[in-house]
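Structure assessment
For reference, the chains in residue letters:
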Amino acid sequence: MSKPSLPQGTRDFSATVVRKRNYIFQTIRNVFENYGFQPLETPAMENLETLMGKYGDEGDKLIFKILNNGLDNPAKQEQSKLAFEKILDGKNTKDLTERALRYDLTIPFARYVAMNHGQLNMPFKRYQIQPVWRADRPQKGRYREFYQCDADVVGSYSLLNEVELANIYATVFKQLGVDTVIKINSRKILAALAEFCGGANKMVDITVAIDKLDKVGLDKVKEELSLRGLNANQIQTIETYLSIEGSNTEKLAQLKQLLAGNETAIAGIAEIEYLLNYHANSFVGQQLQADFTLARGLNYYTGLIFEVKANQVQMGSIGGGGRYDDLTGSFGVPNVPGVGISFGVDRIYDVMEELALFPAEVQTGTKVLFFNLGEAESKAAFGLMQQLREQNIACELFHENAKFEKQFKYADKKQIPYAVIIGSKELLENTLVVKNLVTGEQTPLANNELLSFNF
RNA sequence: GAGGGCGUAGCUCAGUAGGUUAGAGCGACAGUUUGUGGCACUGUAGGCCGUGGGUUCGAGACCCAUCGUUCUCCCCA
């Protein structure tokens, strides 16, 4: 028997970690609910065809596929072999795999909307907090199983949705105490830039290249643009575009000048201005930052896009989202617009851990340990303990009669703040001693006074 | 998909230019006279040195392979 181990990129979460994670989940969930979003859960696995082709070529490779059962069935062996040959040739076949683990929460949601759009009360606002799986190489802040917390609105073109979603971002991170910047851009502006430089079909090439600006620097970006077939003139325009700097208003002014007269650009700029003006006088506005280099990988975005970064920590984005005008189109239901955001809990956790932002109260487990000092003594203790439990005070009775030292140590390890001691003397007198294990202070009480003790 | 680092006790790691029975700290367990802890002291247990091959009189150390893990690039949360 070899040592047990965990699949790459997955983790066990022990008590302290779970409590901290739940604190994040709870915060996000409460804010979602507070903004009128309703919960949804979907299966861990989807039909492979639901997912394939939705995340681009790179994304398709990272989808965890589930091997069909019964491939070794003698009657089907020939079929299985043929199917395997097809896979080796890079072709898809249902004969080997027809299900896959969900890669994100947005596409399963889109599938859900497409299946139920007749029944849904539009605009439909749902939130979803579930794990997703990606066959990626794990590294810092990157796992093969991780949670996403999504909130999406479908069935509405109103920019008021974007306004609310920005508010949700700012509120959650304020409550968690994480100092963040919410970067915003519009896909329309990127599209307009492409129209200016080489045509709409160059949009992907351009966005992929400029998205790397802060990582590789201007020269490398220009190099890549050149490789992707842009001429010197076009690259010059993009350089000007990338050199836009200053406050949000200053940036927008420069952009207007650069892309003057382009209708797509005007529309995109209007979106950003709408969002900024709406939040001009709130705490949300202080975090919003127009960033025209922001591109976002997923190509279904069409309007405003968001990305959240933590200010004091070196870490990839801890949230992202944007508007997509035709998400369910690929499921045969056209013209359902939507906009959504996502929180990356695992990265938020890492950021908060690094900055020591978790409040101490998160770690409250057992409140009172009842000492076990003998058969009759522990029986009395048990009865009293049940009374406390009914008051929702978490208690434990030590599992066996043991030396004081041992019982104290157990309490220490579990950081239990109180002990209740009932020995032979107390048993006779129907009394007990409450000991504060932090201060060492002891309070003798009659049994019937225990319930009114302020733990 | 490409490229680095690291695998020695439950945990964190030492292990010098290859040389006897592989070490420390923490943790665990037991005790320091019988019912008040966190400290201290003493003792005990616990290692196919990731796995398989090779070089050598001799390998935890060197070489190759393999598995695991971690980090970077690509891409992403």
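Quantities reported herein were computed from a predicted structural model and do not represent experimental measurements.

1. Comments concerning the pairing of strand β6 (residues 145–154)
Within β6, eight of the 10 residues are buried, which leaves the element mostly enclosed by the surrounding structure. Looking at chain direction, strand β5 (residues 124–133) and β6 are connected through 10 bridges and run antiparallel. Looking across to β6, one finds that R126 is bridged to D152. Where β6 meets strand β11 (residues 338–344), seven bridges bridge the pair, whose relative direction is antiparallel. In the strand pairing of β11, Q148 is matched with G344.

2. Side note on the protein's contact with RNA strand B
Around RNA strand B, the surrounding shell holds 36 residues, and the nearest of these are R142, R347, D412, K413 and S424. When the atoms of RNA strand B within 4 Å of the protein are sorted by group, sugar and phosphate make up 42%. Q139 places a polar side-chain atom, nitrogen or oxygen, 3.1 Å from a phosphate oxygen of RNA strand B. In this structure, G319 approaches RNA strand B through a main-chain N or O atom, which is 3.4 Å from a sugar or linking oxygen. Listing elements by their share of the surface near RNA strand B, those giving two or more residues are β6, α17 (404–413) and α18 (424–429).

3. Observations regarding unusual backbone geometry
In this chain, M122 is followed by P123 through a cis amide linkage whose omega measures -5 degrees. The residue P123 is located in the loop between α5 (106–116) and β5 in this model. At A356, a residue that is not glycine, the phi angle is positive and equals roughly 55 degrees. Along the chain, the position of A356 falls in the loop between α15 (345–354) and β12 (368–370). Overall, A356 belongs to the exposed group, its relative accessible area being 63%. One non-glycine residue with positive phi stands out, namely N392, at about 65 degrees. Looking at the secondary structure, you find N392 in the loop between α16 (375–390) and β13 (395–397).

Cut-off values and rules
- Residues numbered from 1 in each chain as written.
- Chains lettered and ligands numbered in written order.
- Predicted model: local features only at pLDDT ≥ 70, side-chain atom pairs only at ≥ 80, totals over all residues.
- Heavy atoms only, no water.
- Buried < 20%, exposed > 50% of the residue type's maximum accessible area, 1.4 Å probe, protein only.
- Helix = DSSP H or I, 4+ residues; strand = E, 2+ residues; numbered from the N terminus.
- Pairing = 2+ DSSP bridges.
- Near = heavy atom within 4 Å.
- Polar contact = N/O pair within 3.5 Å; in protein donor to acceptor, adjacent residues only side chain to side chain.

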